[in-house]
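An overview of the molecular structure
These are the residues of each chain, in order.
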Amino acid sequence: MEIVADVLERNGLLFAFVVVGALMLLSGWLSKTLTRGRLQGSAIAIMLGLVLAYLGGIQTGGEDGLADIAIFSGLGLMGGAMLRDFAIVATAYGVDLQEIKKSGAAGVIALIAGILVSFVVGAAVAAAFGYTDPESMATIGAGAATYIVGPVTGTAIGASSEVIALSVAAGLIKAVVVMVCTPLIAPFIGLNNPKSAMAYGGLMGTTSGVAGGLAATDKRLVPYGAMTATFYTGLGCLLGPSVFYFTLVGLFG
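Below, the structure is looked at part by part. (Residues numbered from 1 in each chain as written. Predicted model: local features only at pLDDT ≥ 70, side-chain atom pairs only at ≥ 80, totals over all residues. Heavy atoms only, no water.)

Concerning the pattern of salt bridges
Here the structure, examined in full by the defined rule, presents one salt bridge. Residue Asp218 pairs with Arg220 through a salt bridge whose shortest N-O separation is 3.0 Å. (Salt bridge = Lys/Arg side-chain N within 4 Å of Asp/Glu carboxyl O.)

This is how it looks when you write it as C-alpha cells:
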C-alpha cells in the first residue's frame, strides 16, 4: 500500500484526471438511472465534488478540501486557476461571433439582460446577507450568472476564498434549477424552436443547466441554447471583473 500511495503522490495530476473521470462516469450513470437525464451528469458531478471536498476538509482540517490528502494533491493543480482559466479561454475561442447574429435582436437583448439581471440580483442578495464590500458583491453577483464567472471574477479582483466558494454554490443552484424547471415551463413560454432556444440560452446563461434542460425538453434545441449560453459565460468573464466591479466600487466605495 505504501508503494501504491507513493506512486499516486508522485503522479498526482494524472491520478486527479483518473479520479475526475471516474466521478464523471458515476455521475452520468446516476443521471440516466435516477433522473432519466433530467438532471445533467455535470451538475451531479459538481455536487459530489463539493461533498468530497467537504469530507476531505473535515478529515484533514485543511483549507483545500480533498487536495489536502497527499494522494489527491493533484486535484489542487487540476482544479486550480491555471487549468480553469485555460478551459474558459479554449471555450471562448471555439465560438464563432457570426453565429450569434442568427438569433437576431432577441438573442442579443436576452444575452445582455440575462447577465445584467443575474449580476444585480446576486449582488443584492450578497449585500442583504452582509457582504457589502465591492469585491464580495461583484464575486457573488458573478456567481449568480454562472459558477464559472464567479471564480474568475473573484480571483481577478482579490475576493476571499469563502466568497468565491459562495459564488460557485450560487451558480450551481442556478444550474440545477434551470435543468429541472426548463421542461416544465417550456410549453408556457414557446420554447419549441431554435430561435427561442437561442434567446433562452442567452437569458439563463448557465451552459450545463440550459443544455440539460433543453435535452429533457427537445434534444434538437440543445445546440442552439448552448451556443448563446457559451457567449453568456465569455461575456460574463469579461464584464464581471471590469465594468460590473468598477460600477460597484463607484457606488459603494
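And the narrative resumes.
Structural notes on the packing of helix α11 (residues 207-217) against helix α12 (residues 222-252)
Working note: a packed helix pair is described by the angle between its axes plus the distance between those axes. Where α11 meets α12, the closest approach of the two axes is 9 Å, and the angle between their N-to-C directions is 170°. One way to sum up the angle between α11 and α12 is to call them roughly antiparallel. When α11 is examined against α12, the residues Thr207, Val210, Ala211, Leu214 and Ala215 are found in contact with a partner set consisting of Val222, Gly225, Ala226, Ala229, Thr230 and Thr233. When grouped by side-chain class, the residues that make up the contact of α11 with α12 number seven nonpolar, four polar and no charged. (Axes fitted to C-alpha atoms, helices over the stretch in contact; angles between N-to-C directions. Helix = DSSP H or I, 4+ residues; strand = E, 2+ residues; numbered from the N terminus. Parallel < 35°, antiparallel > 145°, perpendicular 65-115°, else oblique. Contact = heavy atoms within 4.5 Å. Nonpolar A, V, L, I, M, F, W, Y, C, P; charged D, E, K, R; others polar.)

What about the environment of Gly74?
Mapped onto the fold, Gly74 is located in helix α4 (residues 74-78). Accessibility expressed as a relative area gives 6% for Gly74, which makes it buried. In contact with Gly74, other than residues within four places in its own chain, are Gly12, Leu13 and Ala16. (Buried < 20%, exposed > 50% of the residue type's maximum accessible area, 1.4 Å probe, protein only.)

Take it as geometry only, folks, not as evidence of what the structure does.
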